[in-house]
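Given next are the chains, with one letter for each unit.
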Amino acid sequence: MRETNWAGNQTFTAERILRPRTVEQVQEAVAGAIAVKALGSRHCFNDIADCPDGVQLDLTALDTEAVLDAESATISVPAATRYGDVAVQAHAAGFALVNLASLPHCTVAGTVATATHGSGWRNQSLASAVSGLDLVTADGELKTYSHHDGVVVGLGALGVVTRLTLDLVPSFELRQDVFDGLPWESAYEHFEEIQDAGYSVSMFTNWARDEIDQVWVKGPGRPGADFFGATAADGPRHPAHAAGIPADNCTRQLGVPGPWHERIPHFRLDFTPSIGNELQTEYFVPVRHAVAAMEALRGIAHRLAPVLLTSEIRTVAGDELWLSPFHGGDRLALHFTWQPDGEAVRALLPVMEERLAPFGVRSHWGKLFQRTGDYPRLADFRALAAELDPDGKFRSPFVRRQVFGER
Ligand SMILES: Cc1cc2nc3c(=O)[nH]c(=O)nc-3n(C[C@H](O)[C@H](O)[C@H](O)COP(=O)(O)OP(=O)(O)OC[C@H]3O[C@@H](n4cnc5c(N)ncnc54)[C@H](O)[C@@H]3O)c2cc1C
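Going by an unreviewed UniProt entry, the chain carries the name FAD-binding protein and comes from Amycolatopsis coloradensis.

A. Up close: the sheet that holds strand β5 (residues 74-78). A sheet is described by the order of its strands in space; here 5 strands give the open sequence β4-β5-β9-β7-β8, paired in antiparallel fashion. Each of the sheet's edge strands pairs with one partner strand only, and the pair in question is β4 (67-69) and β8 (142-146). Put simply, the sheet's adjacent strands are angled 15 degrees from each other on average, direction ignored. Two elements, strand β7 (residues 130-136) and β8, share 5 bridges in a ladder whose sense is antiparallel. Looking across to β8, one finds that Gly-132 is bridged to Ser-146. Sitting on the sheet, helix α2 (residues 83-92) touches β4, β5 and β9 (160-167), and the angle it makes with β5 is about 145 degrees.

B. Local environment of the domain arrangement of the chain. Taken domain by domain, the chain comprises domain 1 (67-171) and domain 2 (173-363). Taking only C-alpha atoms into account, the centre of domain 1 sits 24 Å from that of domain 2. If you look at the interface, domain 1 gives 37 residues, while domain 2 gives 38 residues. Between domain 1 and domain 2 the total buried area reaches about 3,000 Å² when both faces are included, carbon and sulfur atoms providing 64% of it. When the area that domain 1 buries against domain 2 is broken down by residue, the three leading residues are Ser-102, His-117 and Trp-121, summing to 26%.

C. Up close: the site of the ligand. For the ligand, the set of nearby residues contains 36 residues, the closest of which are Ala-38, Gly-40, His-43, Thr-107 and Thr-114. A distance of 3.3 Å is found between an oxygen atom of the ligand and a side-chain nitrogen or oxygen belonging to Thr-116. Separating a nitrogen atom of the ligand from a backbone N or O atom of Val-161 is a distance of 2.8 Å. Taken by itself the ligand offers 980 Å² of open surface, and the protein chains cover 98% of this. Secondary structure elements with two or more residues in the shell around the ligand: β2 (36-39), α3 (108-113) and β9. The element that contributes the greatest number of residues to the shell around the ligand is α3, accounting for 4 residues. A class-by-class count of the residues in the shell around the ligand yields 17 nonpolar, 14 polar and 5 charged.

D. Region of the structure containing unusual backbone geometry. Positive phi, normally seen in glycine, also occurs at Arg-42, with a value near 70 degrees. Residue Arg-42 is classed as buried on the basis of its relative accessible area, which comes to 18%.

E. Representation of the packing of aromatic side chains. For the coordinates displayed, the defined rule picks out 16 aromatic pairs. With a centroid separation of 5.4 Å and 10 degrees between ring planes, the pair formed by Phe-336 and Trp-338 is classed as stacked. Residues Phe-336 and Trp-338 agree in their burial class; the two are buried. For the pair Phe-369 and Phe-398, a centre-to-centre distance of 6.2 Å together with 90 degrees between the ring planes defines the contact as edge-to-face. Residue Phe-369 is found in the loop between β20 (362-363) and α9 (378-388), and its partner Phe-398 is found in helix α10 (residues 397-402); the two are separated by 29 residues along the sequence. Both residues of the pair, Phe-369 and Phe-398, belong to the buried class. Grouping aromatic residues by their ring pairs yields a cluster made of Trp-184, Tyr-188, Trp-207, Tyr-283, Phe-336 and Trp-338. Against the face of Tyr-375 rests Arg-362, its NZ or CZ located 5.6 Å from the ring centre. One Lys or Arg, Arg-395, reaches over the ring of Phe-404 and ends 4.0 Å from the middle of that ring.

F. Representation of the pairing of strand β11 (residues 173-183) within the structure. Burial within β11 is extensive, with 9 of its 11 residues counted as buried. Sheet analysis places β11 next to strand β16 (residues 258-259), joined by 2 bridges and oriented antiparallel. Each residue of the ladder has a partner; that of Glu-173, found in β16, is Pro-259. Examined bridge by bridge, β11 and strand β15 (residues 230-232) share 2 bridges and lie antiparallel to one another. For Phe-179, the partnering residue across the bridge sits in β15 and is Ala-232.

G. How the structure looks around the UniProt feature "domain: FAD-binding PCMH-type" (unreviewed entry) in the chain. The UniProt record annotates "domain: FAD-binding PCMH-type" (unreviewed entry) at residues 10-171. Between the end C-alpha atoms of residues 10-171 the distance is 38 Å, and the span holds 16% helix and 27% strand.

Conventions adopted
- Residues numbered from 1 in each chain as written.
- Predicted model: local features only at pLDDT ≥ 70, side-chain atom pairs only at ≥ 80, totals over all residues.
- Heavy atoms only, no water.
- Pairing = 2+ DSSP bridges.
- Helix = DSSP H or I, 4+ residues; strand = E, 2+ residues; numbered from the N terminus.
- Axes fitted to C-alpha atoms, helices over the stretch in contact; angles between N-to-C directions.
- Contact = heavy atoms within 4.5 Å.
- Domains from an automatic or database assignment.
- Buried area = accessible area lost by both parts, 1.4 Å probe.
- Near = heavy atom within 4 Å.
- Polar contact = N/O pair within 3.5 Å; in protein donor to acceptor, adjacent residues only side chain to side chain.
- Areas by Shrake-Rupley, 256 points an atom, 1.4 Å probe, with all protein chains shown as cover.
- Nonpolar A, V, L, I, M, F, W, Y, C, P; charged D, E, K, R; others polar.
- Buried < 20%, exposed > 50% of the residue type's maximum accessible area, 1.4 Å probe, protein only.
- Phe/Tyr/Trp six-rings, centres within 6.5 Å; stacked < 30°, edge-to-face > 60°.
- Lys NZ or Arg CZ within 6 Å of the ring centre and 35° of its normal.
- UniProt positions renumbered as here; feature names shortened; annotations may be inferred.

Right, here's the structure in full:
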């Protein structure tokens with residue numbers, strides 16, 4: 001039977017999946033392949049990780065260990081390490097990562113390759129913590145890079161990453177408070193104060209109700225009980241609480257302080273969702289357009305709400321990585337967790353992209369979208385991909401379509 005991604009909406013069409021045990025085996029597999037692509041934990045929602053008629057490389061069996069260097073405050077990890085496991089090891093040694101995504105189960109390499117992010121407008125994407133990486137390029141050569149803005153968010157199109165070095169900061173504690181019912185007018189008027197209310201802030205909505213359903217504030221201190229017109233939740237919440245989903249798998253809320261890695265992700269590491277009954281899309285616009293972009297989406301709320309489980313609004317600090325959606329400045333992240341109805345989602349994508357086009361929208365590489373949007377360093381990335389991979393063995397249909405603009 002063919003393998004699928006986590007959501008089950010993509011059936012991989014690769015001829016086979018190889019599980020090399022050493023970096024040398026990765027080099028041999030890449031050198032000998034006509035078409036090849038690394039596979040992470042398969043949490044992307046589109047065909048980015050597929051390699052039709054070629055070889056997918058699953059690196060979970062690589063025989064290398066994570067190495068934490070306290071002096072330089074870095075951790076060097078094998079590519080397929082899960083973020084949650086990096087977090088546990090860093091925390092045990094008194095360190096932290098600056099930020100985490102909502103789900104701690106994804107691999108470091110897959111997360112970094114797609115510029116995955118958390119929230120907090122002073123926090124950059126997870127890819128920004130990468131200070132070095134080892135990359136097996138098309139001819140099987142192992143290259144080591146440090147601080148190269150072009151290779152980090154590589155979409156698997158430049159080669160196979162075998163190891164990454166991540167910058168660490170001293171470990172810290174956070175509490176997580178959830179508020180119900182933030183009036184939209186208040187969200188607009190106090191947008192900056194709300195983002196400043198925590199280290200990481202997320203707002204959940206279905207766009208159609210008069211209020212934003214929930215605001216999750218992860219920070220060192222206690223936010224005011226009357227949160228810009230929202231009220232403190234009387235129990236734990238799931239992001240899709242309004243759709244009746246229980247909070248059993250969510251990280252601890254109700255203001256109980258705890259280590260950073262047990263508060264920043266929305267979902268607990270010890271709960272492993274084997275398959276997801278959802279689809280996802282995410283768009284990014286410059287933060288100065290935040291209110292106008294939210295208004296633009298509220299204008300089609302009647303179309304969005306019937307297909308949504310929930311939608312999450314976050315902020316992410318800017319960076320210089322070529323294919324990062326946050327390249328060149330802070331962005332508002334507009335995320336959509338859809339019901340598993342691919343046809344309905346596909347019909348909405350062009351409508352949403354048209355609404356957000358005036359704001360210079362960019363799409364999340366790992367989720368469902370139609371057009372990549374406004375990535376100013378795309379031509380430089382194409383040139384780098386052509387240089388490292390002249391025969392196009394990493395150039396899957398996704399890369400041809402979304403990076404090289406082929407039909
Ligand atoms: C429940 C859920 C919650 C999520 N939450 C967030 C969130 O909070 N924020 C956010 O931004 N995203 C989020 N995502 C999206 C997710 O983080 C990204 O899709 C991420 O890329 C998944 O990593 P992966 O290991 O599953 O990669 P895969 O889906 O397996 O692969 C993704 C890409 O990475 C490449 N890749 C993987 N390993 C390597 C390697 N060793 N070398 C070179 N390229 C490689 C693949 O070739 C492919 O192009 C979420 C997804 C789910 C399912």
